[in-house]
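This is what each chain is made of:
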Amino acid sequence: MPDDPDEATVATDADLDAVAENLYGVLPDDFVAERDAAAARARERGDRELAKAIGRLRRPTRAAWLANLLARHRREQLDGLLSLAAGLADAQRTLDGAALRRLSSTRNQLVAAMAREAGRLAMEAGDPAAESVLRELQGILDAALARPEIAEQVRSGRLTRTLSYTGFGPEADPDARPMPAGREAPPAGITPSPQAPAPAVEADPAEIERAEREQAERARAERERRERAVAEAEAEEDAARAQQHADEDARDAAVEARDTARDRVAELITELDAARDRERTATASARDAETAARASARAAGAAATRTARARARLDEL
């Protein structure tokens, strides 16, 4: 681990980026196991901050995983689709109905084609996507066309949530007026008969604006409701993650204490074995000394007997 905290942070960010790049490419059902294994490897290396950061990575929904497949394997086509966003936004702001219809038709075709391509990629990866998931993917792509920040999430290849957009793009220019639809040209070779020009019929711009604003308000209210639901779910997940990290820290501390205790037990066992060896040696030495002392006592007794007998013989003279 680097000694400089700034270097450590850079190293952790780079390691986390590498782990995330790998994780968001695996199958959704394998994500949690792969993430937990990566976090465990980081803990084994002593990098607890990286382990916590890896643990906070969220598993993608299946629709988000499909979007990530497109970002990773069909980037050029995805960029082509998202490039329609500027034209759609301009047409919406200027109330250019003809351009909006044309671009919307192109968008719908491309979104459907991209969803089908994602389905093929999922099939090749071994995890076929259901029709309902493909529809959710289309919702994600529609949302990316409507909101630049969602487009960036999709481009990152690390999307985790199934996003949708219920609004109608950017606010219309207050000075804009609906553009009249152009007349269709007559078929080639046919000369139209002269007629009196039909009176132009235009909807009241104020009525159109009022209807659009009401529709936008309803969409905004629905979006706010969904965003609150997402926020509540995310808060619940964050709380669960925080508890998970606290439990993991407690586990790590307990494991460290257990390992320290085991090391001490091993040291004490070694000391006890050495003490037992010394005891056996001392016992053997004591036994040998006792035997020698008894032999010496017997020898001394025999010598005393001989001394007494010699003195008795001396006294007889």
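Caption draft 1: Up close: the layout of surface pockets. Computed from the structure, the second largest pocket encloses a volume of approximately 580 Å³. Every residue lining the second largest pocket is counted, 23 residues in all, and those nearest its centre are Arg161, Thr162, Leu163, Val230 and Glu234. Elements supplying a minimum of two residues to the lining of the second largest pocket: helix 9 (148-156) and helix 10 (205-315). Counting residues per element, the lining of the second largest pocket draws most heavily on helix 10, at 8 residues.

Caption draft 2: Main features of the pattern of salt bridges. The tally for this structure, following the rule as stated, stands at 16 salt bridges. Across the pair Asp29 and Arg62 runs a salt bridge whose closest N-O atoms are separated by 2.8 Å. In this pair, Asp29 sits in helix 2 (residues 28-44) while Arg62 sits in helix 4 (residues 62-73), placing the two residues 33 residues apart along the sequence. Classification of Arg62 by relative accessible area gives partly exposed; the value is 33%. Two residues, Asp127 and Arg62, come together in a salt bridge whose shortest N-O distance is 2.5 Å. On the criterion of sequence distance, the pair formed by Asp127 in the loop between helix 7 (97-125) and helix 8 (131-146) and Arg62 in helix 4 is long-range, its members being 65 residues apart.

Caption draft 3: Here's a closer look at helix 5 (residues 75-82). Among all positions in helix 5, only Leu78, Leu81 and Leu82 are buried. One side of helix 5 holds all its buried residues, which, seen down the axis, span an arc of 95°.

Caption draft 4: Spotlight on helix 4. In this model helix 4 runs 16 Å from its N-terminal to its C-terminal C-alpha over 12 residues, within 8% of the 16 Å that 1.5 Å per residue would give. By the burial criterion, the buried members of helix 4 are Ala63, Ala64, Trp65, Leu66, Ala67, Asn68, Leu69, Leu70 and Ala71.

Caption draft 5: How the structure looks around the environment of Val26. One can find Val26 in the loop between helix 1 (5-23) and helix 2. Separated by 99 residues in the primary sequence, Val26 and Ala125 have C-alpha atoms spaced 9.0 Å apart.

Caption draft 6: Spatial organisation of empty space enclosed by the protein. Evaluated as defined, the whole model comprises 2 cavities of 30 Å³ or more. Approximately 50 Å³ is the volume attributed to the largest cavity. Lining the largest cavity, in full, are Arg43, Arg48, Ala51, Lys52, Glu248, Asp249 and Asp252. Split by residue class, the lining of the largest cavity holds 1 nonpolar, no polar and 6 charged. Put simply, the second largest cavity is a space of about 40 Å³.

Caption draft 7: Expanded view of the nonpolar core. Counting residues in hydrophobic clusters, the biggest one holds 32 residues, and the most contacted among them are Leu66, Leu137 and Leu141. For this core, the secondary structure elements donating two or more residues are helix 4, helix 5, helix 6 (84-94), helix 7, helix 8 and helix 9. Beyond its immediate sequence surroundings of up to four residues, Leu137 is in contact with Ala63, Leu66, Ala67, Leu70, Ala115 and Ala118. Ala20, Ala38, Ala39 and Leu50 belong to the second largest nonpolar core, which has 13 residues in total.

Caption draft 8: Region of the structure containing the packing of aromatic side chains. Summed over all chains, the structure comprises 1 aromatic pair. Aromatic pair Tyr24 and Phe31: ring centres 5.2 Å apart, planes at 40°, arrangement tilted. When sorted by exposure, Tyr24 lands in the same class as Phe31, which is buried.

Cut-offs applied
Residues numbered from 1 in each chain as written. Predicted model: local features only at pLDDT ≥ 70, side-chain atom pairs only at ≥ 80, totals over all residues. Heavy atoms only, no water. 1 Å grid on protein atoms, 1.4 Å probe; cavity = no way out; pocket = protein on both sides within 12 Å on 5 of 7 lines; lining within 4 Å. Points joined across faces, edges and corners; volume = space filled by probe spheres on them. Helix = DSSP H or I, 4+ residues; strand = E, 2+ residues; numbered from the N terminus. Salt bridge = Lys/Arg side-chain N within 4 Å of Asp/Glu carboxyl O. Buried < 20%, exposed > 50% of the residue type's maximum accessible area, 1.4 Å probe, protein only. Arc of directions from axis to C-beta. Expected span 1.5 Å × (residues − 1). Nonpolar A, V, L, I, M, F, W, Y, C, P; charged D, E, K, R; others polar. Core = buried A, V, L, I, M, F, W, Y, C linked by side-chain atoms within 4.5 Å. Contact = heavy atoms within 4.5 Å. Phe/Tyr/Trp six-rings, centres within 6.5 Å; stacked < 30°, edge-to-face > 60°.

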